[in-house]
Structure formats: C-alpha cells, structure tokens
Amino acid sequence: MVKRNSEHKLETSENVFGGSGAVHFKRIIETPEDLYGKGRVFSVVTLDPGSELGWHIHKGDGEFYCVISGEGEYSDNGNIVTLFPGDTAFCPDGEGHSMANRGTEPLVFAALVIYK
C-alpha cells in the first residue's frame, strides 16, 4: 500500500492540552486498527514559532517524539530538554510531557502513541 503525501488528512488545532497557538497534524495513520491495535496515533506534527503542545500525562500508553526539523523545548516529566533534528524522546505510561517551539522556524516531529 502506498499513500501519497496529498492523501494524508491534515488537521489544525488550537491550544492542544492547554498549550499556546496552533498545532498542525498530518495523520500518517488514522485509526488504531491501522496500527494492528498496538497504538492510536502516528502523525507528523508541526508547531509554528511560539506554539506549544501542552503538558499531558499518558495513561495506558506511551508516546515517542522524533524531531525532523527545528528545535523543540521538551518537558520530560518536568525536566526541560532541548531536542534537535534526529533526537527522540519517549514518555512512558504514567508520566507526562509537553513540546514547545521557542525558535523562529517551524518545529516538525513525528509522534507515535503505542499501547502499554
């Protein structure tokens, strides 16, 4: 199966998890069934400069972020870390995280939520 770039569902949401600004989602996988029931999200996320995907805690799942371009201010359960292209972060079940773009260029990262 091949899905062309133009076929992916695009969504923009404001103030996600109480964060600031717009968060743009390109849905790579649209349903948990597409992940064989092993997860629920696989998206490419773009944060405009000044935007933030707010703090949230994972329950029954965990989430990977892999930075594609830009720089992100990542809260790893309250510990602030700067992520650069190629860096990967994981938030396990029961812990929390957030991601902010404090730079001047868009921040683009892949997000994958898997079930515990």
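Cut-offs and rules
- In this numbering scheme, every chain counts its residues from 1 along its sequence in written order.
- For a predicted model such as this one, the threshold for reporting local features is a pLDDT of at least 70, and the threshold for listing and counting side-chain atom pairs is 80 or more; totals across whole chains, interfaces and linings nevertheless cover every residue.
- Excluding hydrogens and water, the side-chain figures rest on all heavy atoms present in the structure.
- Pairing of aromatic side chains requires ring centres within 6.5 Å, counting the rings of Phe and Tyr and the six-membered ring of Trp. Pairs whose planes differ by under 30 degrees are stacked, by over 60 edge-to-face, and all others tilted.
- Runs of H or I in DSSP of at least four residues are treated as helices and runs of E of at least two as strands, each being numbered from the N terminus.
- Exposure categories follow from relative accessible area, calculated using a 1.4 Å probe and restricted to protein chains: below 20% of the type maximum is buried, above 50% is exposed, and the middle band is partly exposed.

(A) Examining the packing of aromatic side chains more closely. As enumerated under the stated definition, the model contains three aromatic pairs in all. Ring geometry for Phe64 and Phe90: centres 4.4 Å apart, planes at 40°, overall tilted. Here Phe90 lies in strand β8 (residues 88–91) and Phe64 lies in strand β5 (residues 61–69), a separation of 26 residues in the sequence. Phe64 sits in the partly exposed class, given a relative accessible area of 32%. Looking at Phe90, the relative accessible area reads 34%, which means it is partly exposed. On the numbers, 5.8 Å between centres and 75° between planes, the contact of Tyr65 with Tyr74 is edge-to-face. Here Tyr65 matches Tyr74 in class, with each residue buried.

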